[in-house]
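Spelled out, the chains give:
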Amino acid sequence: MTSHLRTLPLSLPPVHGETIGSYLNRLADANHLAIGHLSFLIGPNRRHRRDDNRVGYWTPAALPRLAILTGRSIPALLHAMPALAAVREPGQRRPPLAVEELAEPRRRPACRLCMAHRGIHGLVVRSTDPHEGVCHRHRIWLLGGDQHDLSALPEITSADRRHRRLVRRRKDPFITVDYLHARKITAQWFREADPSPLHQRWNRRLGTLPEDPYGDPHRPDEDRIELATYPETTTLTSLFASPHWRGHHGLRAEAAQRLAIAVQDLPPGLTAGWRHPQADRA
Ligand SMILES: [Zn+2]
């Protein structure tokens, strides 16, 4: 039954890639409704966190109700929030594949400058894949908790461009799993390997970031390590995504060459990683 529903007085558009929880909370805030009440109008009465992006408990009736409340078409809502496509009748739900669970996008605040430019001042959380780590308009890092200015780190923005091109050529979600594997290796090198030319690069990048008021300057947190090692992580991602180099005896030499270091300076522990058989169809 949707006959008694009316469009909300302030029916904000969703931001592309916004989490469902973020959008519902912004709608509720703008219209001075409790999130539980807005949720009840859609169907399941539930408090949504802003980083919530699951619809496992929604029935298909929720989509037309959300469309009426927001004054937007169902295709427009699905385009902005692809997670809504998972709405199914209870019997049709399938469990996620292991690779989908591994590659689940992170939820991070949208670029604060882009949002301000659009006149949005509340918190907008987006579902962000690793190749969407940079706002290229504002040169801002988006993968971590803090949105760092990348003006002094052009290699990070270039790495993100390479990463985006790679994702366009290869199939998700496998490329995300390659990225996560590469990130694990570079983080291990950062923490455990003997000092190498790579550490000089990473420490120089970390030195451009503002001091972390809550952190130990000698032990940067995971978010900062991910930023500092991002160009090298992207280089390894591209290597792991290549069927030619998977299991190849020359993998270490190729990695060293792509990282522009001598092979004896490459820390140990490089493996081609886990691949799903379907990945080779990409
Ligand atoms: Zn921006």
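Residues numbered from 1 in each chain as written. Predicted model: local features only at pLDDT ≥ 70, side-chain atom pairs only at ≥ 80, totals over all residues.

What to know about the overall build of the chain
Phase 1: In terms of helices and strands, the chain carries 12 helices and 4 strands.
Phase 2: Each principal axis of the C-alpha distribution contributes one length, and for the chain these read about 70 × 45 × 30 Å.
Phase 3: Residue pairs in contact within the chain that sit at least 24 positions apart in sequence constitute 61% of those at least 6 positions apart. (Helix = DSSP H or I, 4+ residues; strand = E, 2+ residues; numbered from the N terminus. Contact = placed C-beta atoms within 7 Å.)

Side note on unusual backbone geometry
For residues other than glycine, phi is negative in most cases, and the peptide bonds are mostly trans.
Phase 1: Even without glycine at this site, Arg 139 takes up a positive phi of about 50°.
Phase 2: With respect to the element layout, Arg 139 can be found in the loop between strand 3 (134-135) and strand 4 (140-141).
Phase 3: The exposure class of Arg 139 is partly exposed, given the 17 C-beta atoms found within 10 Å.
Phase 4: With a phi close to 60°, Ala 260 is a non-glycine residue in the positive phi region.
Phase 5: Here Ala 260 shows up in the segment after helix 12 (251-258). (Buried ≥ 20, exposed ≤ 12 C-beta atoms within 10 Å, placed from the backbone.)

Side note on helix 11 (residues 230-240)
Phase 1: In terms of residue burial, helix 11 counts as a mostly covered element, since 10 of its 11 residues are buried.
Phase 2: Restricting attention to buried positions, one finds in helix 11 the residues Tyr 230, Pro 231, Glu 232, Thr 233, Thr 234, Leu 236, Thr 237, Ser 238, Leu 239 and Phe 240.

Re the nonpolar core
Phase 1: Of all hydrophobic cores here, the largest spans 36 residues; its most connected members are Trp 141, Leu 142, Leu 150, Ile 156 and Leu 236.
Phase 2: If you list the elements that add at least two residues to this core, you get strand 4, helix 7 (154-169), helix 8 (174-192), helix 9 (197-207), helix 10 (222-228) and helix 11.
Phase 3: Ranked by residues supplied to this core, first place goes to helix 8 with 8 residues.
Phase 4: Setting aside residues up to four positions removed in sequence, Ile 156 forms contacts with Val 134, Trp 141, Leu 150, Leu 227, Tyr 230 and Pro 231. (Core = buried A, V, L, I, M, F, W, Y, C linked by C-beta atoms within 7 Å.)

Focus: the domain arrangement of the chain
Phase 1: We note that the domain assignment places domain 1 (20-92) and domain 2 (151-281) within the chain.
Phase 2: When each unit is reduced to the centre of its C-alpha atoms, the spacing between domain 1 and domain 2 is 37 Å. (Domains from an automatic or database assignment.)

Some words on the packing of helix 8 against helix 11
Phase 1: Here helix 8 crosses helix 11 at 130°, and the two axes come no closer than 8 Å. Regarding the angle of helix 8 to helix 11, the classification is oblique. Crossing angle aside, the handedness with which helix 8 passes helix 11 is right-handed. Side by side, helix 8 and helix 11 meet where Asp 178, Tyr 179, His 181, Ala 182, Arg 183, Ile 185 and Thr 186 of the first sit next to Glu 232, Thr 233, Leu 236, Thr 237 and Phe 240 of the second.
Phase 2: Class assignment of the residues belonging to the contact of helix 8 with helix 11 gives a composition of 5 nonpolar, 4 polar and 3 charged. (Axes fitted to C-alpha atoms, helices over the stretch in contact; angles between N-to-C directions. Parallel < 35°, antiparallel > 145°, perpendicular 65-115°, else oblique. Left-handed = near helix turned anticlockwise from the far one by under 90°. Nonpolar A, V, L, I, M, F, W, Y, C, P; charged D, E, K, R; others polar.)

Quick look at the packing of helix 1 (residues 20-30) against helix 2 (residues 35-42)
Phase 1: As a packed pair, helix 1 and helix 2 sit with axes 9 Å apart at the nearest point and diverge in direction by 115°. With respect to each other, helix 1 and helix 2 are oriented roughly perpendicular. The handedness of the crossing between helix 1 and helix 2 is right-handed. Within the contact between the two elements, helix 1 uses Leu 24, Asn 25, Leu 27 and Ala 28 and helix 2 uses Ile 35, Leu 38 and Ser 39.

Description of the environment of Thr 176
Phase 1: As for its placement among the helices and strands, Thr 176 is situated in helix 8.
Phase 2: According to the C-beta neighbour criterion, Thr 176 is buried, with 21 such atoms within 10 Å.
Phase 3: Put simply, Thr 176 and Ala 83 are 93 residues apart on the chain and 17 Å apart in space, counted from C-alpha to C-alpha.
Phase 4: If near-sequence neighbours (up to four positions away) are discounted, Thr 176 is found in contact with Ala 103, Asp 129 and Pro 130.

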